[in-house]
Amino acid sequence: MAAVTTTPRQKIGWGSANVVVVALALIPVLWLVSLSFKTPTAVLDPSFVPSQWTWSNYTQILSTSQFIRPLVNSIGIGAISTLIAVVLASMAAYAVARLQFPGKSVLIGMALLIAVFPQIALVTPMFSIERSLGLFNTWPGLIIPYVAFGLPLGIYTLSAFFREIPWELEKAAKMDGATPFQAFVKVIAPLAAPGMVTTAILVFFACWNDFLFAISFTSTVSSRTAPASIAYFSGSSQFTVPTGPIAAAAVVITIPIIIFVLFFQRRIVAGLTSGAVKG
Amino acid sequence: MSEAVGTVAASETIEEPPGRRKPQLSEGARAERRLGWMLCAPAVIVMVAVTAFPVGYAIYLSLERYNLELPKAVKFIGFSNYAAVLGSPYWWQALKVTVIITVFSVAITLVLGMILAMVMHRTLFGRGTVRTAALIPYGIVTVAAAYGWQYAWTPGQGYLAAAFNNNAALTSEVKAIAVIILAEIWKTTPFMGLLLLAGLSLVSEDLQKAAKVDGATAWQRFTKITLPLMKPAILVALLFRTLDSFRIFDNIFILTAGANGTGSVSVLGYHNLFNALNLGIGSAISILIFICVAIIAFLFIKGFGTAAPGTDIAKR
């Protein structure tokens, strides 16, 4: 990168490329934001900027348990699933990155298989199993599949991070008399924390985003998550489409994503680029 | 090119270390083994319990006549459910739609993702801003984005419908599929771009400079140096995106709910379970989708020589 002179033409070229990327990424999101601030009359006007602004869509959805409860479910189910998945994935990823043991390639193959597994193929049998085990329409009924699908992502991302850790420290700890387990908990885990945060964000995104399991394994707001609840929004009468409230709800569930992206951009990019491809 | 060959060679050696160790399995090596298994066990148990077991159960269910509305009529009927699905035009329509969406969205996403990766990799300023903006479509809840697209294409309400003569795009099969593909592309290009960015960062700058000195044009450098070196990364990204696109559900469910012949195989499976309450047929559809995915993965790995990401993990 050193001593590369840039011409004004290059600056303009890359500048406009940047603008195009940012615009394409943000316009559909800004459209949702705009809809969420439109009054019911303004919704019927296709202009990008609302002709009449209102907060009423937000006050409407945030004052009903039809949305608040699913929002709580989403946060709770997402957080618990992420925690379990990251803990289990860290253990497996440590083994994959550091230890020699037969069956390692089976584990990796299995994780790959699940990473690309068609979720719909699980819906019918899981629906039946969850009904007979009493897990249908409960938090664990969603946490269990979320953990299972978070694990491959976690194992890949974390084993990539774990390989970057200075392992001499572990050897030093072992020389000082630490067992491999102690070396893991006392030396490696703190060093691995940044990778674990990144992995947690990616797994949380996946849980937060899920829709298929959420509409299949729940039947009431007691365990339905926010994305699923939006699909059940109804208008003030049978004949009104609740466009404004739906847009407001969509914006609300997008806010945490934007916050994570703004604060952890570097880490998320590192996690996504190191986990899947980099050898 | 030597790097690509090196990748293959390295990935083939992964099985070696355990075998080499076998003759003198010291106490330490045995402890290491045990620890390895112990650390992996919880993850393996969860993954097997949640996927392998239900799939086995689905195979069993798919051989039964099992309608939730007629619980007394459950009966083993062999492959009749499969015959019913494969003989139904709905299955073939859904499969056709799924394949069309997959092919178009993955192909276009690959090109756009490559451009995005180039911009993220080479842009002179504002790199952080570009990456942050690109992560938003990746992170946004698909359902939330899908509602945005739906209203954008609603005649009389949406800016895109207004820009296209208030055409009711979502009510015609071809146009609705085009809108679904557009929504997929917007959502998944950043992911593709980031996977390709990882491959792009492995392409050496020196090689590029040497080619430049030798008089190669930018396009020549791209096709003769960058693309061949990125081939492994491109194939992995394609494998992931293809399999992910094949299970498309959320966008279709919100945009059209599968009306007018726009349903994918996943939408078909969902409707079969929750509208027809037919566990037998639903399970047969599940198994067929699973087989399709297995075929796609097999073609990629055997046909194109895609290094499964797992082999990359074990290497080094």
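Throughout, a residue's number is its position along its own chain's written sequence, starting from 1. Starting at A for chains and at 1 for ligands, labels are handed out in the order in which the entities are written. Owing to the predicted nature of the model, reporting of local features is limited to residues with pLDDT of at least 70; listing and counting of side-chain atom pairs is limited to 80 or more, with chain, interface and lining totals taken over all residues.

### Side note on the overall build of chain B
Phase 1 of the analysis: Of the regular secondary structure elements, chain B holds 15 helices and two strands.
Phase 2 of the analysis: Exposure is read from a count of other C-beta atoms within 10 Å of each residue's own; the residue is exposed at 12 or fewer, buried at 20 or more and partly exposed in between. C-beta atoms are placed from the backbone. Within chain B, the fraction of its 316 residues that count as buried is 45%.
Phase 3 of the analysis: Considering only residue pairs separated by 6 or more positions, chain B has 70% of its internal contacts joining residues 24 or more positions apart. Only DSSP runs of H or I covering at least 4 residues are called helices, and only runs of E covering at least 2 are called strands; the numbering of each starts at the N terminus. Contact definition: two residues whose C-beta atoms, as placed from backbone geometry, lie within 7 Å.

### A few points about the interface of chain A and chain B
Size of an interface: often given as the accessible area lost when the parts come together.
Phase 1 of the analysis: Chain A puts 93 residues into the contact, and the matching count from chain B is 92 residues.
Phase 2 of the analysis: Elements supplying a minimum of two residues to the side of chain A that touches chain B: helix 1 (8-36), helix 4 (65-98), helix 5 (104-115), helix 6 (120-133), helix 7 (139-163), helix 9 (180-209), helix 11 (226-230) and helix 12 (243-276) of chain A.
Phase 3 of the analysis: It is helix 12 of chain A that contributes the most residues to the side of chain A that touches chain B, 18 residues altogether.
Phase 4 of the analysis: All residues other than Ala, Val, Leu, Ile, Met, Phe, Trp, Tyr, Cys, Pro, Asp, Glu, Lys and Arg, Gly among them, are scored as polar; the first ten of these are nonpolar and the last four charged. Grouping the amino acids of the side of chain A that touches chain B by side-chain chemistry returns 72 nonpolar, 17 polar and four charged.

### Some remarks on the packing of helix 7 (residues 142-152) of chain B against helix 9 (residues 173-200) of chain B
Residues and elements named next belong to chain B.
Phase 1 of the analysis: Only C-alpha atoms enter the line fits that serve as axes; for helices the fit covers just the stretch in contact. Angles between N-to-C directions range over 0 to 180 degrees. For the pair helix 7 and helix 9, the least separation of the axes is 11 Å and the interaxial angle reads 135 degrees. Taken together, the axis directions place helix 7 and helix 9 in an arrangement best described as oblique. In this structure, helix 7 meets helix 9 at a crossing whose hand is right-handed. Residues Thr142, Ala145, Ala146 and Trp149 of helix 7 pack against Val179, Ala183 and Lys187 of helix 9.
Phase 2 of the analysis: Each residue belonging to the contact of helix 7 with helix 9 can be placed in one class, and the counts come to five nonpolar, one polar and one charged. Small angles under 35 degrees read as roughly parallel and large ones over 145 as roughly antiparallel, with 65 to 115 read as roughly perpendicular and the rest as oblique. Handedness of a helix crossing follows the sense of rotation of the near helix relative to the far helix, less than a right angle counterclockwise being left-handed and clockwise being right-handed.

### Description of the packing of helix 5 (residues 89-122) of chain B against helix 11 (residues 218-246) of chain B
Residues and elements named next belong to chain B.
Phase 1 of the analysis: Contact geometry of helix 5 with helix 11 gives a least axis separation of 9 Å together with a crossing angle of 145 degrees. As for the relative orientation of helix 5 and helix 11, their crossing is right-handed in sense. Across the interface between the two elements, Thr98, Ile101, Thr102, Ser105, Val106, Thr109 and Leu110 from helix 5 touch Leu238, Arg241, Thr242, Ser245 and Phe246 from helix 11.
Phase 2 of the analysis: Taken together, the residues of the contact of helix 5 with helix 11 sort by class into five nonpolar, six polar and one charged.

### Structural notes on the nonpolar core
Phase 1 of the analysis: We define the nonpolar core as any set of buried residues of the types Ala, Val, Leu, Ile, Met, Phe, Trp, Tyr and Cys, connected via C-beta atoms lying within 7 Å of each other. The biggest cluster of nonpolar side chains holds 177 residues, and the ones touching the most others in it are A:Ala92, A:Leu151 and B:Leu196.
Phase 2 of the analysis: Beyond its immediate stretch of four places on either side in the chain, B:Leu196 contacts B:Gly113, B:Met114, B:Ala117, B:Met230, B:Ala233, B:Ile234 and B:Ala237.

### Comments concerning the confidence of the model for chain B
Residues and elements named next belong to chain B.
Phase 1 of the analysis: A score between 0 and 100, pLDDT records how confident the predictor is in each residue. In the predicted model, chain B carries a mean pLDDT of 83, and 89% of its residues have values of at least 70.
Phase 2 of the analysis: Ranking the elements of chain B by mean pLDDT puts helix 1 (residues 2-12) last with 39 and helix 5 first with 93.
Phase 3 of the analysis: Predicted confidence is poor over residues 1-22, with pLDDT under 50, and the contacts of this stretch with residues over four places away or in other chains come to 25 contacts.
Phase 4 of the analysis: In the model, residues 310-316 has pLDDT below 50 throughout and makes 24 contacts with residues more than four positions away in sequence or in other chains.
Phase 5 of the analysis: Across the predicted assembly, pTM comes out at 0.86 and ipTM at 0.87.

### Observations regarding unusual backbone geometry
Phase 1 of the analysis: The backbone of A:Asn137 sits at a positive phi, close to 60 degrees, despite the residue not being glycine.
Phase 2 of the analysis: Here A:Asn137 lies in the loop between helix 6 and helix 7.
Phase 3 of the analysis: By C-beta crowding, A:Asn137 is classed as partly exposed, having 17 other C-beta atoms within 10 Å.
Phase 4 of the analysis: We note that B:Ala257 has phi near 55 degrees; this positive angle belongs to a residue other than glycine.
Phase 5 of the analysis: Topologically, B:Ala257 is positioned in the loop between helix 12 (250-255) and helix 13 (265-274).

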